[in-house]
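# Geometric and topological summary
Below, each chain spelled out in residue letters.
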Amino acid sequence: MPQTSKVELYAAIRRDHRAGMKMRELERKYNVSWRTVRKAVDSVWPEPRKKLPPRPTALDPYKPVIDAMLRTDLDAPRKQRHTITRIFHRLIEEHGANVSYPMVRRYVADRKPEFLAASGKSPVEAFVPQTHLPGHEAEVDFGDVTVRLAGELVTCYLFSLRLSCSGKAVHRVFEPPRVR
């Protein structure tokens, strides 16, 4: 039997059950346990997967120490703040930590923005959507463009119009008047 998603499996089991198939026949046909058949018959959607708790790491005992360093860096002058390398070396020298540099780097990269945002030192990222009504706004620009015309380089004028709503653009190139 080809691999199907759980949603498709549940739909097939419910369809066959409505057609009159017995529970044991469904178990054998779809090669699933009676619990799966019961869940499929009782519910349209399979229950979501449970998230596993995060595994403990070698860095866990030193996270409060790193957090304290990052907290003191909030008030320190720019040149006196801890770099990730300095934090890593202090953990090894002062606390005898047996951790890797990438582990410390990932943790600091995650925690530093949280401390900055909590202290109000960094702006919270925001997104302001822009809406443009059709026909209300457009951007227009003029410029010079050099083109090869009949084998010689000629400086022409470029007219550019961009509609703000659709983003469609129109460009026109005009040859300057010739001096006689």
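The structure presented is a predicted model; accordingly, all values stated were derived computationally and were not measured.

## A look at helix α6 (residues 101-119)
The end-to-end C-alpha separation of α6 is 26 Å, in line with the 27 Å expected for 19 residues at 1.5 Å each. The positive-phi residue at the C-terminal boundary of α6 is G120, with phi of around 80°.

## Focus: the packing of aromatic side chains
What characterises a pair of aromatic rings is the spacing of the ring centres plus the angle enclosed by the ring planes. Scanning the model with the defined rule gives two aromatic pairs in all. Between F88 and Y101, the aromatic rings sit 5.6 Å apart at their centres with planes inclined by 85°, giving edge-to-face as the arrangement. Placement of F88 in helix α5 (residues 84-95) and of Y101 in helix α6 is noted, with a sequence separation of 13 residues between them. Classification of F88 by relative accessible area gives buried; the value is 13%. When its relative accessible area of 28% is taken as the criterion, Y101 is described as partly exposed. Each ring, one from F142 and one from F159, has its centre 5.4 Å from the other, and the planes form 50°; the classification is tilted.

## Concerning the pattern of salt bridges
Applying the stated criterion to the full structure yields nine salt bridges. Of the charged contacts in the structure, one is a salt bridge between E47 and K39, with a shortest N-O distance of 3.9 Å. For E47, a relative accessible area of 51% puts it in the exposed group. The salt bridge partner of R90 is E94, with a shortest N-O separation of 3.0 Å. You can see R90 and its partner E94 sitting in helix α5, four residues apart, about one turn around the helix.

Conventions used here
- Residues numbered from 1 in each chain as written.
- Predicted model: local features only at pLDDT ≥ 70, side-chain atom pairs only at ≥ 80, totals over all residues.
- Heavy atoms only, no water.
- Helix = DSSP H or I, 4+ residues; strand = E, 2+ residues; numbered from the N terminus.
- Expected span 1.5 Å × (residues − 1).
- Phe/Tyr/Trp six-rings, centres within 6.5 Å; stacked < 30°, edge-to-face > 60°.
- Buried < 20%, exposed > 50% of the residue type's maximum accessible area, 1.4 Å probe, protein only.
- Salt bridge = Lys/Arg side-chain N within 4 Å of Asp/Glu carboxyl O.

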